Amino acid sequence: MRNISFGLKKFRKATFVLAALSFLTVTVSKAQDVVEGRTLFKSKCASCHALDHDGTGPALTPKVNELEESFLIPWIRNNVELRASGNKQAIEAAKFSPSEMTAFPNLTDDQIKNIIAYAKAGEPKKEAVAGAGEVKDEGASSLSIAGVIAIIVLAIVVLVVLGRAVKMLERLILEKQGIVVTDEDNVSLATGLKGLFKNKKFVFFTVLCLVIVLGSFGWMGMWETGVHTGYQPTQPIKFSHELHAGINQIDCQYCHTGAFKSKNSTIPSLNVCMNCHKNVQARTDDGLISPEIQKIYNALGYNPDTQTYDKTKEKPIEWVRVHNLPDFAYFNHSQHVVVGEEAIRKEAGLKPTDPVCFACHGPVNTMEEVYQYSPLTMKWCVNCHREADISNKKNDAFYANVIAAHEKIKKGEKITPALLGGLECGKCHY
């Protein structure tokens, strides 16, 4: 009986563990479903629907909470077919908008459930998280300052204790010599402090601590001067790289045509925007064009109703530059992303599917608003030139100087830009 009881206990424990694991698995899969549902929603539904307000279609969050999943799945997959079958609920739902809803026959049941899960959960709040490769200095600096203050306080306590111990020893020695010592226990605080500041050692130590603290603050301030990691200015148009480069997967070069061809990556002209936004207007349920898209039309003097341009109303968009280099620093964009692409990819640890742009600009496809991802300091550039491996680029004309290092390459030694003159001042400063 004991063996049976012991076996039952073990079975119950195992069942509990399996149930807990199942719960965790379901929880994780649900979280993943919401993430995938968000991606699907942004790419397939966002042009007509919003979560919290009506657009071309109704607000989704209240609708998916109101309707049954058994209706929503066939409705989203092919609403025309569902209405043709005589479904009264589908016929009634179609009356919301004169525009016919797009059918998505290629979506699986799981994908549609993911969209529904996202619509129910709503948009998650974004937290300011440092990107991969970013170093957050605030924590280290605060810890350093706290450490310095703690050391100073401890040192003062030690000095006070040692001072009292010395006085006690002096008193004992004087008493042994027969000298009467007056009792100083009733000395006032003001008198004690006055005597403390007459102590040259204490004054010297206090001044030394102040110099160290002020010097540390000054050093940290000077070290961060001109470093704008995380700089995220407000732009005149709320252009979302997450939507365009991430969800819609528009190639970087479609807009930044100079990135692989010239010294600068170039800012796209509004004509590039109009290639899509002449038709994509994201109108609200009131028929109004999205305010951000309207800003493009205003800048071009474009009338969407007549599809004509008025040159007298044209005005440039005053974009705010995010990535700034000093005037005396020379940087050639094409030289790095074309000739140095392989080395930069390897050094930054990028995936084969990631654009080489991510090495310096970070995961732009996840940025609602672009910010400065890398520090862009001399140290940051020099470290890359010291470490980037260009041994496999010996056949490129740009690296003709590798021939001079032929013997090193034959031996399998590492060849870096620094060995080929990559640290010469004139290459960056002029």
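As the structure is a computational prediction, the values presented were derived from the model and not from experiment.

What follows is about the overall build of the protein chain. Looking only at helices and strands, one finds 18 helices and 2 strands in the protein chain. Each of the 430 residues in the protein chain was classed as buried or not, and the buried ones make up 23%. Split by element, the accessible area of the protein chain, about 30,100 Å² in all, is 61% carbon and sulfur.

This part is about the side chain of N114. By the secondary structure assignment, N114 is in helix α6 (residues 109-121). Sequence-distant contacts of N114, that is, excluding residues within four places in its chain, are made with D33, E36 and G37.

Moving on, we get to unusual backbone geometry. Of note, the phi angle at Q307 is positive, near 55°, even though the residue is not glycine. Its relative accessible area of 49% is what places Q307 among the partly exposed residues.

Below, the discussion takes up helix α12 (residues 270-277). Turn by turn, an α-helix covers 3.6 residues, leaving residues three or four places apart pointing in a common direction. Every buried residue of α12 is listed here: L270, V272, M274 and H277. Tucked into the core, α12 has its buried residues touching α10 (241-247), α11 (252-255), α13 (291-300), β1 (302-303) and β2 (308-309).

Our focus in this paragraph is the packing of aromatic side chains. Tallying each qualifying case throughout the model produces 3 aromatic pairs. Aromatic side chains F71 and W75 sit 5.8 Å apart centroid to centroid with 25° between the ring planes, which places their arrangement in the stacked category. Of this pair, F71 and W75 both sit in helix α3 (residues 69-77), 4 residues apart, roughly one helical turn. Ring centres of Y302 and Y309 lie 4.9 Å apart, and the angle between their planes is 45°; this geometry places the pair in the tilted category. Site record: aromatic cluster; members linked through ring pairs are Y297, Y302 and Y309.

On to the environment of M367. Along the chain, M367 turns up in the loop between α16 (358-361) and α17 (378-387). On the accessibility criterion, M367 (3% relative accessible area) is buried. Sequence-distant contacts of M367, defined by excluding residues within four places in its chain, comprise S240, H241, E242, H361, G362 and Y373.

With 79% of its residues at a pLDDT of 70 or more, the protein chain shows a mean pLDDT of 78. Note on residues 1-32: pLDDT is under 50 here. Beyond four places in sequence and across chains, it has 0 contacts. Scored below 50 in pLDDT, residues 126-140 makes 11 contacts in the model with residues more than four places away or belonging to other chains.

Next up on the list: the packing of α12 against α13. Running from N to C, α12 and α13 point in directions that differ by 130°, and their axes come no closer than 11 Å. Here α12 lies oblique to α13, going by the angle between them. As for the relative orientation of α12 and α13, their crossing is left-handed in sense. When α12 is examined against α13, the residues L270, N271, C273, M274 and H277 are found in contact with a partner set consisting of I293, I296, Y297, A299 and L300.

Mapped onto the secondary structure, H241 falls in helix α10. Not counting residues up to four positions away in its chain, the partners in contact with H241 are G246, H256, V364, N365, M367, E368 and V370.

Of all hydrophobic cores here, the largest spans 20 residues; its most connected members are I76, L107 and I116. Every element with two or more residues in this core is listed here: α1 (2-45), α2 (60-66), α3 and α6. Once you skip the residues sitting within four places of it in the chain, I116 turns out to touch V64, E69, L72, I73 and I76. With 12 residues, the next largest nonpolar core counts V322, I344, F358 and V370 among its residues.

Turning next to α6. Taking 1.5 Å of rise per residue, 13 residues should cover 18 Å, and α6 covers 18 Å from first to last C-alpha, within 8% of that figure. Two residues or fewer after α6 comes G122, characterised by a positive phi angle close to 80°.

What follows concerns a nonpolar patch on the surface. Among the surface-exposed residues, I149, V153, V157 and V161 lie close enough to one another that they form a single nonpolar patch of about 340 Å² accessible area. If you trace the backbone, I149 turns up in helix α7 (residues 137-176). Owing to a relative accessible area of 46%, I149 belongs among the partly exposed residues under this scheme.

What follows is about the environment of T229. Along the chain, T229 turns up in the loop between α9 (200-223) and α10. Residue T229 is classed as partly exposed on the basis of its relative accessible area, which comes to 34%.

Summed over the entire model, instances satisfying the criterion amount to 0 disulfides. Take C252: it sits in no disulfide, and the sulfur closest to it among the cysteines is that of C357, at 3.9 Å. No disulfide involves C255; its nearest neighbouring cysteine sulfur is the one of C273, lying 6.7 Å away. For C255, a relative accessible area of 21% puts it in the partly exposed group.

Relative orientation of the contacting elements α3 and α6 amounts to 110°, with a least axis distance of 10 Å. The orientation of α3 relative to α6 falls into the category roughly perpendicular. Relative to α6, α3 is oriented so that their crossing is right-handed. Only D109, I112, K113 and I116 of α6 make contact with α3, whose side of the interface consists of E69, L72, I73, I76 and R77. Taken together, the residues of the contact of α3 with α6 sort by class into 5 nonpolar, no polar and 4 charged.

This next bit is on the pattern of salt bridges. Opposite charge on two side chains lets them pair, provided their charged atoms get close. Taken as a whole and assessed by the stated rule, the structure comprises 6 salt bridges. Close ionic contact of D109 with R77 constitutes a salt bridge, the shortest N to O distance being 2.4 Å. Of the two residues, D109 is situated in helix α6 and R77 in helix α3; the sequence distance between them amounts to 32 residues. Put simply, K295 and E292 hold a salt bridge, and the shortest N to O gap is 3.2 Å. Of the two residues, K295 and E292 both sit in helix α13, 3 residues apart, roughly one turn of that helix. Looking at K295, the relative accessible area reads 32%, which means it is partly exposed.

How each quantity is defined
Residues numbered from 1 in each chain as written. Predicted model: local features only at pLDDT ≥ 70, side-chain atom pairs only at ≥ 80, totals over all residues. Heavy atoms only, no water. Helix = DSSP H or I, 4+ residues; strand = E, 2+ residues; numbered from the N terminus. Buried < 20%, exposed > 50% of the residue type's maximum accessible area, 1.4 Å probe, protein only. Areas by Shrake-Rupley, 256 points an atom, 1.4 Å probe, with all protein chains shown as cover. Contact = heavy atoms within 4.5 Å. Phe/Tyr/Trp six-rings, centres within 6.5 Å; stacked < 30°, edge-to-face > 60°. pLDDT = per-residue confidence, 0-100. Axes fitted to C-alpha atoms, helices over the stretch in contact; angles between N-to-C directions. Parallel < 35°, antiparallel > 145°, perpendicular 65-115°, else oblique. Left-handed = near helix turned anticlockwise from the far one by under 90°. Core = buried A, V, L, I, M, F, W, Y, C linked by side-chain atoms within 4.5 Å. Expected span 1.5 Å × (residues − 1). Patch = residues over 30% accessible without salt bridge, like charges linked within 9 Å, V, L, I, M, F, W, Y side chains within 5 Å. Salt bridge = Lys/Arg side-chain N within 4 Å of Asp/Glu carboxyl O. Disulfide = S-S within 2.5 Å. Nonpolar A, V, L, I, M, F, W, Y, C, P; charged D, E, K, R; others polar.

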